Amino acid sequence: MSVVPTTIAPEVEAAVAGFMLTQAQMTEVVERMTKEIKMGLARDTHPRAVIKCFVSYVQDLPTGKERGKYLALDLGGSNFRVLLVDLKSNTDIDIVSKSFVIASSMLSGPGKDLFDFIANCLADFCKEQRLQGEAIPLGFTFSFPLQQQGLTKGILVTWTKGFSCEGVVGKNVVALLQEAIERRGDLKINIVAILNDTVGTLMSCAFTSRNCRIGLIVGTGSNACYVEKTVNAECFENYQTSPKPHMIINAEWGAFGDNGVLDFVRTPYDRIVDKVTPNPGKQTFEKCISGMYMGELVRLVLVDLMAKGLIFAGERSEKIQTQWNFQTSYLSDIESDSPGDFRNCSKVINQLGLVGNHVRDKLHLRYICEAVSSRSAKLCSCGLVTLINKMNINDVSVGIDGSVYRFHPRYHDLLMFHMTKLLRPGIKFELLESDDGSGKGAALIAATAVQNQASK
Ligand SMILES: Nc1ncnc2c1ncn2[C@@H]1O[C@H](COP(=O)(O)OP(=O)(O)OP(=O)(O)O)[C@@H](O)[C@H]1O
């Protein structure tokens, strides 16, 4: 019987050492992020802040009594979805949804084409669901940095996550959608709210868990929102006079580090990934954390070690040399193997056009994946701890969505472990997986918006 090696070669260890954040570095990240969040909230410093802390105009958490049928659109990553959400009770919610793939050419084409495509998908869906005649309220989950000026007005600040459509930055996205709907002329749609997916996630978890105060996404991108005191949300015009005590703040934490404050935890591989994205120099924190980039980071380490003959020695593979070819789902597959077993790992190696005859190479590949996913979870923990400390509460639930959190075998446990180590003793928290947060959350915000309109 062959003995499975368990030790990592010093050269491999050295290559990924930069991903292994220490407790002191994590504490420093929390400190720096706290500063940046305060800058985003304050009127004077907001214009130059990197973590923008946008006002969401959502001030009411769900009461649990919201009811009715709502349409929701979800645009923010790999797929575009249209949903019909029927809030029957707080435990009985019917959701019918349809996903549409956005052609990669559309990601960088004219914005008008993107919004016409969205309106067409909406029309298809309404036809299928026989909703053409009804003006059902619609909540639009739009997961890019938005400077909101009201619940139905949001100016796109910048595209992220691979999108770069022309003619949208600086425009009110709700108006662009409304215009596309009007160009068709066959739909009666009442857009009552635009929201970020983090806000939808928070709302949907708060519908059933009263303690939910944070919404987190770890999917294609990463971002979080939290419940702030209205008086601290200085960019809200009524921050001193609003009768409502709270405001959900869309942190847009992906941009943390765009001013260099995270350089002390970045690796040379992060700098290479950044250069090949459509938004170099932007979304620094997100690029260290989210699904769009984790696979590429692993690939870059692998390519580097292969060039030095330290892994898969003597093997060549066109696939591994090609950008973005190492999917982030491979990290979940590889780390799902039980220790000493390399079944998934071998499959991935073969999919990448490699043979991988040596167990040590598999061990090393797993080690690299663990380094990248652990750093992601550690940085995310830093972000969550920053928000919990900022709210100064002792008991909190966090609603979480996104494929990285959902499918990575250790992500939840890593967050629990590192958050516990970073938080002051005695603070209770739970991490809740959000089920269809964007859709449910959009419906809940639409329900509150309709109610608020009616009571005016
Ligand atoms: N099994 C998996 N393990 C880890 N990551 C995965 C897995 N499957 C997909 N991903 C990654 O998750 C990302 C997609 O995330 P998600 O499914 O949450 O959708 P999204 O709506 O596009 O993202 P976002 O919410 O950031 O807008 C992709 O980058 C993909 O590589």
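Residues numbered from 1 in each chain as written. Predicted model: local features only at pLDDT ≥ 70, side-chain atom pairs only at ≥ 80, totals over all residues. Heavy atoms only, no water.

### So, the nonpolar core
Test applied: Among buried residues, the Ala, Val, Leu, Ile, Met, Phe, Trp, Tyr and Cys ones that are joined through side-chain atoms within 4.5 Å form a nonpolar core. Only protein chains enter the calculation, and the probe is 1.4 Å; a residue is then buried if its accessible area is under 20% of its type maximum, exposed if over 50%, and partly exposed in between. Under the scheme used here, helices are H or I runs from DSSP no shorter than 4 residues and strands are E runs no shorter than 2 residues, and both carry numbers assigned from the N terminus. Here, two residues are considered to be in contact whenever any of their heavy atoms come within 4.5 Å of each other.
Membership of the largest hydrophobic core comes to 92 residues, with the highest contact counts inside it found for L216, W253, F326, L365, I368, Y411 and L415. If you tally residues by element for this core, the top one is helix α13 (residues 359–391), at 16 residues. For L216, the contacting residues outside a window of four places in its chain are T201, S222, N223, A224, W253, C380, L384, V398, G399, I400 and D401. In terms of nonpolar packing, the next biggest core, distinct from the first, is built from 41 residues, L75, L114, C121 and C126 among them.

### Considering the UniProt feature "domain: Hexokinase C-terminal" (unreviewed entry) in the protein chain
Heads up, the rule is: UniProt positions are given in the numbering used here, feature names are shortened, and annotations may be inferred rather than shown by experiment.
The sites that carry the UniProt feature "domain: Hexokinase C-terminal" (unreviewed entry) are, in the present numbering, residues 213–447. For residues 213–447, the helix share is 49%, the strand share is 14%, and the end-to-end C-alpha distance is 19 Å.

### Regarding the packing of aromatic side chains
The condition that has to hold: Between rings of Phe, Tyr and Trp, where Trp is taken as its six-membered ring, a pair exists when centres lie within 6.5 Å; planes separated by under 30 degrees are stacked, by over 60 edge-to-face, and by other angles tilted.
Counted under the stated rule, the structure contains 14 aromatic pairs. Between F80 and F117, the aromatic rings sit 6.3 Å apart at their centres with planes inclined by 55°, giving tilted as the arrangement. One end of the pair, F80, is in strand β3 (residues 79–87); the other, F117, is in helix α4 (residues 111–128), with 37 residues separating them in the sequence. The same class applies to F80 and to F117, which are both buried. Here W253 and F285 contribute two aromatic rings whose centre-to-centre distance is 5.6 Å and whose plane-to-plane angle is 90°, an arrangement assigned as edge-to-face.

### Considerations on the UniProt feature "domain: Hexokinase N-terminal" (unreviewed entry) in the protein chain
UniProt tags residues 12–207 as "domain: Hexokinase N-terminal" (unreviewed entry). Counting secondary structure, residues 12–207 comes out at 35% helix and 25% strand; the distance between its end C-alpha atoms is 47 Å.

### Some points on the sheet that holds strand β5 (residues 137–142)
The line we're drawing: The rule for pairing is simple: two strands pair if DSSP sees at least two bridges between them. In this analysis, axes come from line fits to C-alpha atoms, helices being fitted only over the stretch in contact, and the angle between any two N-to-C directions falls in the range 0 to 180 degrees.
Strand order across the open sheet formed by five strands is β4-β3-β2-β5-β8, with mixed pairing between neighbours. If you trace the sheet from one side to the other, it starts and ends with β4 (93–101) and β8 (190–195), each paired once. Across the sheet, the axes of successive neighbouring strands diverge by a mean angle of 20°, strand direction being ignored.

### Examining the site of the ligand
Selection rule: Near is defined per residue: the residue qualifies when any heavy atom it owns lies within 4 Å of the molecule or strand. Here a polar contact is recorded for every N or O atom pair within 3.5 Å, except that within protein the pair must consist of a potential hydrogen donor and a potential acceptor, and residues adjacent in sequence are included only if both atoms are side-chain atoms. All accessible-area figures derive from a Shrake-Rupley calculation using a 1.4 Å probe, and residue coverage is judged against the displayed protein chains alone. Residues are grouped as follows: Ala, Val, Leu, Ile, Met, Phe, Trp, Tyr, Cys and Pro are nonpolar; Asp, Glu, Lys and Arg are charged; every other residue, Gly included, is polar.
Taken together, 18 residues are adjacent to the ligand, and G76, T220, G221, S332 and S403 come closest. G291 is positioned with one of its backbone polar atoms (N or O) 3.3 Å from an oxygen atom of the ligand. Coverage of the ligand by the protein chains reaches 75% of its 650 Å² of free accessible surface. Here the shell around the ligand is composed, by residue class, of four nonpolar, 12 polar and two charged.

### Quick look at the state of the cysteines
The test is simple: Throughout, disulfides are identified as pairs of cysteine sulfur atoms within 2.5 Å of each other.
All told, the structure shown has zero disulfides when counted by the stated rule. Considering cysteine sulfurs only, C53 is the nearest to C235, which forms no disulfide, with 8.7 Å between them. Of all cysteine sulfurs in the structure, the one in C382 sits closest to C380, which takes part in no disulfide; the separation is 9.2 Å.

### Observations regarding the pattern of salt bridges
Side-chain pairs of opposite charge can arise whenever the charged atoms involved come near each other. Using the following cut-off: Here, a salt bridge means any side-chain nitrogen of Lys or Arg that lies within 4 Å of a carboxyl oxygen of Asp or Glu.
All chains considered together, the criterion is met by 21 salt bridges. Across the salt bridge formed by E228 and K390, the nearest N and O atoms sit 2.9 Å from each other. One end of the pair, E228, is in strand β10 (residues 222–229); the other, K390, is in helix α13, with 162 residues separating them in the sequence. A salt bridge links D395 to K428; the nearest nitrogen and oxygen atoms lie 3.9 Å apart. With a gap of 33 residues between them, D395 in strand β12 (residues 395–401) and K428 in strand β13 (residues 428–433) connect regions that are remote in the sequence. The exposure class of K428 is exposed, given its relative accessible area of 53%. One network of salt bridges, with partners in common, ties together D74, R81 and D436.

### Focus: the layout of surface pockets
Note the cut-off: Only protein atoms enter the 1 Å grid, on which a cavity is a set of points fitting a 1.4 Å probe that cannot get out and a pocket is an open set with protein on both sides within 12 Å along at least 5 of 7 lines, lining residues being those with an atom within 4 Å of a point. Grid points are joined across faces, edges and corners, and a volume is the space filled by probe spheres set on the points.
A volume near 530 Å³ is recorded for the second largest pocket. Lining the second largest pocket we find 20 residues, and of these Y57, Q59, L151, N452 and K456 sit closest to its centre. Considering each element in turn, the lining of the second largest pocket owes the most residues, five residues, to helix α16 (residues 437–454). Of the residues that constitute the lining of the second largest pocket, the class distribution is 10 nonpolar, seven polar and three charged.

### Some points on the environment of R32
Among the structural elements, R32 can be located in helix α2 (residues 23–41). Judged by relative accessible area, R32 falls into the partly exposed class, the value being 27%. Taking the C-alpha atoms as reference points, R32 and F256, 224 residues apart in sequence, are found 9.3 Å from one another. The residues touching R32, leaving out its near neighbours within four places in the chain, are F256, V261 and F264.

### Quick look at the sheet that holds β13
Read from one edge of the open sheet, six strands run β1-β11-β10-β9-β12-β13, paired in mixed fashion. Single-partner strands in this sheet number two, and they are β1 (54–55) and β13. Strand direction decides the pairing type here: strand β9 (residues 212–218) and β10, joined by five bridges, are antiparallel. Bridge pairing in β10 links I217 to N223. α13 rests against β9, β10 and β12 of the sheet, and its axis sits at about 160° to β9.

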